[in-house]
Amino acid sequence: MSIPSIPSPSRTPSLDVWRWMGTFIGLVLATYPIVAADRLYLDDIWRSMYGEPGWTSNARPLADVVMLALNQGTRVVELAPLPLWLGLTSVATMLVALRQAFVKFNDGHAWLAMALLVLQPFFLQNLSYQFDALPMALAVSCAGLALAAGMRASWGKGVMLSVIGLFASLCFYQAAVSVYFVLLAFHALLSLATYGTLQWRRHVGLLVAGAVTLLGYKLISVWWLAGGYSLSHSQMAPPATLPMHIFDNTLTFWRYAAKTLAGAPWWGLSATALIALTGLILGTLRPAQAKHPLSSPWRLLLMLVILLLLPLGALGIMAVLEDPLWRPRTFIGFGALCAGSLFCAVATCEHYGWRRLGVSMLILVLGGATVIAYAYGNALGSQKAFEESVSRQLVDDLRRIEANGPLVVFGTLPLSSSADNTMHAFPVLKKLMGSYLDNGYWWGYQNLYRLGLPQRYEFNGDQALRDAFANHCTMLEPLLERGWYTLYQWQDATFVSLDPECRQRTSDP
């Protein structure tokens, strides 16, 4: 008797696996220059020296948990580029999940627009961290996965998964939470433009779940917050001032974005947003798959309300803070706005049969973002080489001088020629990087200690002492002159003058 053969299961990877692999490889290639630059960024300097994590004091306990688990111990060490690459695996997973959540609106190439969640100018600073890149990438991924799970799972399970994902995102990095709310807003807008109504139970349920999660996190986070820096940047503005405070912060951000993204990036994003808005308006007026649509006035009113709230997503929860941290790395919501706008614009083009135009938009926008990433990475590498050469010479000189006590860096080491040229081409990069040897910049001192500066030299940030030196430097005799700096000893302190005017005047006959 013959035994019937059992067909073996297919070993061909699914399309989503191929999509994940392609997305991950694309992200790795797009961020390669940042990895190649290998420049420690701010907190990285401290952690590379002492191995102290310290994220829990910023109300980010999961960042501590993940990094200590990765390091297999209670201290963190330099593992770059492993943290970044692990973060990119989570981002690739999120992008594929978001495709599944938005596929009902477009089953073509529009989902690739979601790469702008991380491949956008303001997030490049996050990717350049050697220690913090993984927690920040996980924060974005958890926020995006929370939205995707909420849209795809059954209502009760979806709400539960969204709460878990959103709370995890907050515990990795608070600023990423705006990704959830911005993408939820775009999902609601696309529902209006496609079906003529919202998925009321799901959209409202996920909105309420997100708000409750935020409130719960705010109440719990007081157990973790410690230190003046964390406490000062976590205080909410007085309730009576909140409406105008939120409006002022939002307006300030968009002025800031228009200035720092001047040129092609700003005009490209503006054109994308205009096409997206046009598509949403046309779709809301005549939904393509309407079965039980709302009346036209209600559809337009809902769309208008959501659109008016969308600009808040660039700042997210920071808009309610009394003293928000104005740093590019905190504006993760801006990437969600860019991603949602590009998705809508490409979907509009493909809906009206302009497929090539949609693909061209993807190539231009994502290609432009990659160009900026490469420019940023190469500028980091150039600046690192320049700074390290000057700093090592400075450390060597200071080691040979029999002095101790306060050390004051006066002035700022300029950017390297290559980095300066890049800053002129892409103004946004001026906000992403600078010189460590800077007047009063604490990280510059830490970098000198990392390179071997003796502990007998103490950091001094006394502005009065700096002002006094500025008024007397023309009358002081230099202790040592080098190409980029001059050393002085005055009032029991050692001064490193990077100010060319001061150095030039002391050199005059």
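Above: the structure in question.
Reading the values: the criteria
Residues numbered from 1 in each chain as written. Predicted model: local features only at pLDDT ≥ 70, side-chain atom pairs only at ≥ 80, totals over all residues. Heavy atoms only, no water. Pairing = 2+ DSSP bridges. Helix = DSSP H or I, 4+ residues; strand = E, 2+ residues; numbered from the N terminus. Contact = heavy atoms within 4.5 Å. Axes fitted to C-alpha atoms, helices over the stretch in contact; angles between N-to-C directions. Buried < 20%, exposed > 50% of the residue type's maximum accessible area, 1.4 Å probe, protein only. Salt bridge = Lys/Arg side-chain N within 4 Å of Asp/Glu carboxyl O.

**Student:** So, the sheet that holds strand β1 (residues 405-410): which residues are in play, and what are the values?
**Tutor:** Read across the open sheet, the 5 strands follow the order β2-β1-β5-β4-β3; overall the sheet is mixed. The strands lining the two open edges of the sheet, one partner per strand, are β2 (457-459) and β3 (480-481). Looking at chain direction, β1 and strand β5 (residues 493-497) are connected through 4 bridges and run parallel. Pairing of Phe410 across the sheet is with Ser497, part of β5. Running over the sheet, helix α16 (residues 355-400) touches β1, β2, β3, β4 (486-490) and β5 and is turned about 35 degrees from β4.

**Student:** Let's hear about unusual backbone geometry: which residues, and what values?
**Tutor:** Residue Pro81 follows Ala80 across a cis peptide bond; omega there is 5 degrees. The phi angle at Ala59 is positive, at roughly 65 degrees, despite the residue not being glycine. Here Ala59 lies in the loop between α3 (43-50) and α4 (61-71). Residue Ala59 is classed as buried on the basis of its relative accessible area of 1%. A positive phi angle is found at Gln491, which is not glycine, with a value near 50 degrees. Looking at where Gln491 falls in the secondary structure, it is placed in the loop between β4 and β5.

**Student:** If you had to explain the pattern of salt bridges to someone new, which residues and values would you point to?
**Tutor:** The full count for this structure, using the stated rule, is 9 salt bridges. Close ionic contact of Glu388 with Arg392 constitutes a salt bridge, the shortest N to O distance being 3.5 Å. Residue Glu388 and its partner Arg392 are both found in helix α16; the two are separated by 4 residues, about one turn of the helix. On the accessibility criterion, Glu388 (12% relative accessible area) is buried. When the shortest N-O distance is used, the salt bridge between Arg450 and Glu388 registers 3.3 Å. Taken together, the residues span a long stretch of sequence, with Arg450 in helix α18 (residues 442-450) and Glu388 in helix α16 at a distance of 62 residues. Arg450 sits in the partly exposed class, given a relative accessible area of 31%.

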